[in-house]
Amino acid sequence: MENLSEYWLNDFSFVTLLFVLVFTIFILPVLIEYGHVSQLFVNLVFVFLFFTGIWSSNNRFLIFLTTSLFFLQLGLRILRFSNLPMEFYLWERVVGLINMGVFIFVNLRLLFRNNEVNLYRVIGAVNVYLLLAILGAFGFEVIHLVIGSSITGITEISGQSKLLGLDEDFSTYVYFSLVSLTTVGFGDYTPVNVMSKMLAVFLSTVGILYPAVVIAKLVGYSTNN
């Protein structure tokens, strides 16, 4: 366990996380869309992402928080397969949203620790940007589950998808999240209610400010060193 923690606390771990995020955001949606991936594999990818968050900090409170959120989300995902009459899909998504927010915060702490700058820290900055895209995707889905709609083109989430955790609409959510974050605005999908509009605007604002702030901070570290 100590070696595992040491690995995720060093700069090289940013490279591993980058590969996982690139696969999750750009490849996994394609596999889901065309049915070339099993339900178990889809769930394992998301579980692995949050599992790394447990080891990405040496702060006791953050370790306790990430561990609690991980096991809570894991438990809610497992309960999808149970015969209980209660619906756990929304709660699992809400916990996932909170978990992703904490994961982003933990990675920001790693990114700016010791006032150092190197290639790995630049990769870490890219990781946070991609994590924001997943956060946005979770956010749009939670809005859809609560209100009944979030962006155009997505109908009611099927009971089959909820039960099996196939994340059939993940490709659309993460696509629109990335479009908002990068301020591209193709116009093929649009937010349909106030909450979705505000989330899209928030992602666009962060997408503009985040690179400027991070570049300025890393350049400042480099200059000081």
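Per-chain numbering applies: the sequence of each chain, read as written, is numbered from 1 onward. Per-residue local features of the predicted model are confined to residues with pLDDT of at least 70, and side-chain atom pairs are confined, for both listing and counting, to 80 or more; whole-chain, interface and lining totals are unaffected and use all residues. Working from all heavy atoms in the structure, the side-chain values ignore hydrogens and water.

Caption draft 1: Spatial organisation of the overall build of the protein chain. Labels follow the DSSP assignment, with helices taken as runs of H or I lasting at least four residues and strands as runs of E lasting at least two, numbered in each case from the N terminus. For the protein chain, the count of helices and strands is nine helices and zero strands. Reading the secondary structure of the protein chain in the N-to-C direction produces α-α-α-α-α-α-α-α-α. When accessible area is computed with a 1.4 Å probe and restricted to protein chains, residues below 20% of their type maximum are described as buried, those above 50% as exposed, and intermediate ones as partly exposed. Buried residues in the protein chain amount to 47% of all 225 residues. Any two residues having at least one pair of non-hydrogen atoms within 4.5 Å are treated as being in contact. Long-range pairs, those at least 24 residues apart, make up 72% of the contacts in the protein chain between residues at least 6 apart in sequence.

Caption draft 2: Region of interest: helix 6 (residues 119-147). With 29 residues, helix 6 should reach 42 Å at 1.5 Å per residue; the first-to-last C-alpha distance of 43 Å fits that figure. Counting buried positions along helix 6 gives 22 out of 29 residues, so the element sits mostly inside the fold. Pairs of N or O atoms are called polar contacts if they sit within 3.5 Å, as long as, within protein, a hydrogen donor faces a hydrogen acceptor (for residues adjacent in sequence, only side-chain-to-side-chain pairs). Taking the backbone nitrogen of Tyr120 as reference, a side-chain oxygen 2.9 Å away marks Asn118 as the first, capping residue of helix 6. Backbone geometry just after helix 6 places Gly148 at a positive phi near 110°. Under the convention used throughout, the expected extent of a helix is 1.5 Å for every residue step, that is, one less than its residue count.

Caption draft 3: Summary view of the packing of helix 3 (residues 39-54) against helix 5 (residues 89-111). Across the interface, helix 3 lies against helix 5 with an axial gap of 10 Å and an inter-helix angle of 45°. The angle between helix 3 and helix 5 places the two elements in the oblique class. The handedness of the crossing between helix 3 and helix 5 comes out as left-handed. Only Gly96, Asn99, Met100 and Phe103 of helix 5 make contact with helix 3, whose side of the interface consists of Leu49, Phe50, Thr52 and Gly53. Side-chain classes are defined by residue name, with Ala, Val, Leu, Ile, Met, Phe, Trp, Tyr, Cys and Pro counting as nonpolar, Asp, Glu, Lys and Arg as charged, and the others, Gly among them, as polar. Along the lines of polarity and charge, the residues of the contact of helix 3 with helix 5 split into four nonpolar, four polar and no charged. Note on geometry: axes are lines fitted to C-alpha atoms, helical ones only across the stretch in contact, with angles between N-to-C directions running from 0 to 180 degrees. For classification purposes, an angle smaller than 35 degrees is called roughly parallel, one larger than 145 roughly antiparallel, one from 65 to 115 roughly perpendicular, and anything else oblique. Here a crossing is taken to be left-handed if its near helix is turned anticlockwise relative to the far helix by less than a right angle, and right-handed if that turn runs clockwise.

Caption draft 4: Unusual backbone geometry, seen in detail. A positive phi angle, near 50°, is found at Asn115, a position not held by glycine. Summarising the element assignment, Asn115 is placed in the loop between helix 5 and helix 6. Exposure remark for Asn115: the relative accessible area of 44% places this residue in the partly exposed category. The backbone phi angle of Thr183 is positive, close to 55°, even though this residue is not glycine. Its location among the elements puts Thr183 in the loop between helix 8 (170-181) and helix 9 (194-224).

Caption draft 5: Quick look at the nonpolar core. Note on terminology: a nonpolar core comprises buried Ala, Val, Leu, Ile, Met, Phe, Trp, Tyr and Cys residues joined through side-chain atoms within 4.5 Å. Among the nonpolar cores identified, the biggest contains 50 residues, and Met100, Phe140 and Tyr210 are the most heavily contacted of them. Those elements that provide at least two residues to this core are helix 2 (13-33), helix 3, helix 5, helix 6, helix 8 and helix 9. Per element, the largest residue contribution to this core is 13 residues, and it comes from helix 6. Filtering out sequence-adjacent residues up to four positions away, Met100 remains in contact with Phe50, Leu131, Ile134, Leu135 and Phe138. Formed by seven residues, the second largest nonpolar core is a distinct cluster that contains Leu62, Leu69, Leu76 and Val102.

Caption draft 6: Expanded view of the packing of helix 2 against helix 8. It is the contact of helix 2 with helix 8, at a shortest axis distance of 9 Å, that shows an interaxial angle of 150°. Between helix 2 and helix 8 lies a crossing of left-handed hand. Residues Thr24, Ile25, Phe26, Pro29, Ile32 and Glu33 of helix 2 touch helix 8, and the partners they reach there are Phe170, Ser171, Val174 and Leu178. Class assignment for the residues of the contact of helix 2 with helix 8 results in seven nonpolar, two polar and one charged.

Caption draft 7: Quick peek at the pattern of salt bridges. By definition here, a salt bridge exists when the distance from a side-chain nitrogen of Lys or Arg to a carboxyl oxygen of Asp or Glu is within 4 Å. Counting across every chain of the model gives six salt bridges. Across the salt bridge formed by Arg77 and Glu92, the nearest N and O atoms sit 3.1 Å from each other. Of the two residues, Arg77 is situated in helix 4 (residues 60-79) and Glu92 in helix 5; the sequence distance between them amounts to 15 residues. Overall, the relative accessible area of 4% leaves Arg77 in the buried class.

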